[in-house]
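Tertiary structure, described
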Amino acid sequence: DANMGATVKLAMRGNAKRWLDASHALDPAGFDRWSTLRILFEAEFCKPLTYAELAELRSTLVQKPKEKVSDFYIRVLEYHLEEDMAVTAAERAEDVYKADFQRRLKTVFMTGLRQDVRALMHCRPTVATLEECREAAREAEALATKVSAGAVAGAEAKDGQKDKKELAALKGSLSTEGQAI
């Protein structure tokens, strides 16, 4: 625990390093062990996104009407990987950072899905990981496509039946007019 704490201290860079230096100056004993340091680090850096941050992400990362789930997933990853470049390798190696990054990706991916796909995903049991979320979205997309295709085919069939009835009525009226003449 003490060795891990020392290793983490050496690996910290940027904001994490500045936070650690300032906090360590206030309470040196509280920052020597990884078990304590991890709790404090999570409290400082792994905060849930605010509603404003979620709204901003949601407005910029939304699945386009004809965009496939897999293409949208790649777009979300690319956006976050660019954002992730500002983080040092040591920070990226932290389990806490990895878990928070996966959570953010999952949140942005799920909230940005088309309404029809998202509605079908809410009928499923909870998905725990980003990969499970992506697979559930693909299945929901396939189901939404089938439902949409079935609705179009059903509408065409109803229109076809309506046309046949109208044609039969027209033929009937023509034949009765022909008999009257």
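Here goes a summary of the coordinates provided. For clarity, every value in this text was computed on a predicted model and none was experimentally measured.

Before going further, it helps to examine the environment of valine 62. Counting through the fold element by element, valine 62 comes out in the loop between α4 (51-60) and α5 (69-84). C-alpha of valine 62 to C-alpha of valine 108: the two residues are 46 residues apart in sequence and 8.7 Å apart in space. With residues up to four places along the chain from it excluded, the contact list for valine 62 reads Glu67, Phe72, Arg75 and Gly112.

Where helix α2 (residues 14-26) meets helix α3 (residues 34-45), the axes come as close as 12 Å, and the angle between the chain directions of the two elements is 120°. Regarding the angle of α2 to α3, the classification is oblique. Considering how the two elements wind past one another, α2 and α3 form a crossing that is right-handed. The residues of α3 that touch α2, namely those facing Asn15, Ala16, Trp19 and Leu20, are Leu37, Leu40, Phe41, Glu44 and Phe45. Considering only residue class, the contact of α2 with α3 consists of seven nonpolar, one polar and one charged.

With that out of the way, let us pick up the nonpolar core. Membership of the largest hydrophobic core comes to 20 residues, with the highest contact counts inside it found for Phe109, Leu113, Val117, Met121 and Ala137. Where this core is concerned, the elements lending two or more residues are α5, α7 (95-112), α8 (115-121) and α9 (130-180). Ranked by the residues each element gives to this core, the list is headed by α7, at six residues. Among all residues touching valine 117, those that are not within four sequence positions of it are Val69, Ala137, Ala140 and Glu141. By size, the runner-up hydrophobic cluster in this structure holds nine residues, among which are Val8, Ala16, Trp19 and Leu20.

Thresholds, definitions, all that
Residues numbered from 1 in each chain as written. Predicted model: local features only at pLDDT ≥ 70, side-chain atom pairs only at ≥ 80, totals over all residues. Heavy atoms only, no water. Helix = DSSP H or I, 4+ residues; strand = E, 2+ residues; numbered from the N terminus. Contact = heavy atoms within 4.5 Å. Axes fitted to C-alpha atoms, helices over the stretch in contact; angles between N-to-C directions. Parallel < 35°, antiparallel > 145°, perpendicular 65-115°, else oblique. Left-handed = near helix turned anticlockwise from the far one by under 90°. Nonpolar A, V, L, I, M, F, W, Y, C, P; charged D, E, K, R; others polar. Core = buried A, V, L, I, M, F, W, Y, C linked by side-chain atoms within 4.5 Å. Buried < 20%, exposed > 50% of the residue type's maximum accessible area, 1.4 Å probe, protein only.

Honestly, that's just the spatial picture; any functional story needs more than this.
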